[in-house]
Amino acid sequence: MKMKLTKSQMDKLKEHSKEHGGMNSKHMRMMKKMMEDGMSFAKAHREAMKMDDKDSKSKPMKKKNKSKY
């Protein structure tokens, strides 16, 4: 069952979102969903970071072209 987040939880998420690209970033959406499912902030953050790491490892970064000059 989804729980409504308290004002203090939402404030903490909004403050934290500044480090992760805003509330609409994938990391923050995952965290909010996990917290609504009853997970603590710290545990939701750890799980979201694991998912972020997994996603970044599966997508190779584009190589930058070296300047000819």
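Residues numbered from 1 in each chain as written. Predicted model: local features only at pLDDT ≥ 70, side-chain atom pairs only at ≥ 80, totals over all residues. Heavy atoms only, no water.

What to know about the overall build of the protein chain
Helices and strands together make up the secondary structure of the protein chain, namely three helices and zero strands. In the protein chain, which comprises 69 residues, the share counted as buried stands at 23%. Summarising the internal contacts of the protein chain: among those between residues at least 6 apart in sequence, 35% fall at separations of at least 24. Total accessible area on the protein chain stands at roughly 6000 Å², and carbon and sulfur atoms take up 56% of it. (Helix = DSSP H or I, 4+ residues; strand = E, 2+ residues; numbered from the N terminus. Buried < 20%, exposed > 50% of the residue type's maximum accessible area, 1.4 Å probe, protein only. Contact = heavy atoms within 4.5 Å. Areas by Shrake-Rupley, 256 points an atom, 1.4 Å probe, with all protein chains shown as cover.)

A few points about the environment of Gly38
Along the polypeptide, Gly38 turns up in the loop between α2 (26-36) and α3 (41-58). Residue class for Gly38 comes out partly exposed when judged on its relative accessible area of 46%. For the pair Gly38 and Leu5, spaced 33 residues apart in sequence, the C-alpha separation works out to 9.3 Å.

A few points about the environment of Met10
By the element assignment, Met10 lies in helix α1 (residues 7-17). Note: C-alpha distance between Met10 and Lys32 (22 residues apart in sequence) is 8.6 Å. The contacts of Met10, once residues within four sequence positions are left out, are Leu5, Met23 and Lys32.

Describing the pattern of salt bridges
Pairing is possible between side chains that carry opposite charge, provided their charged atoms lie close to one another. Under the criterion given, the structure shown has seven salt bridges. In this structure, the salt-bridge partner of Asp37 is Lys2, at a minimum N-O distance of 3.9 Å. Of this pair, Asp37 sits in the loop between α2 and α3 while Lys2 sits in the segment before α1, and the two are 35 residues apart along the sequence. Judged by relative accessible area, Asp37 falls into the partly exposed class, the value being 43%. Its salt-bridge partner being Asp37, residue Lys33 comes within 3.3 Å of it at the nearest N-O pair. When salt bridges with common partners are traced through the structure, they connect Lys2, Lys33, Glu36 and Asp37 into a single cluster. (Salt bridge = Lys/Arg side-chain N within 4 Å of Asp/Glu carboxyl O.)

Focus: the nonpolar core
Leu5, Met10, Leu13, Met28, Met30, Met31, Met34, Met35, Phe41, Ala44 and Ala48 together form the largest nonpolar core, which totals eleven residues. Where this core is concerned, the elements lending two or more residues are α1, α2 and α3. Counting residues per element, this core draws most heavily on α2, which supplies five residues. (Core = buried A, V, L, I, M, F, W, Y, C linked by side-chain atoms within 4.5 Å.)

Purely geometric numbers; function is a separate question.
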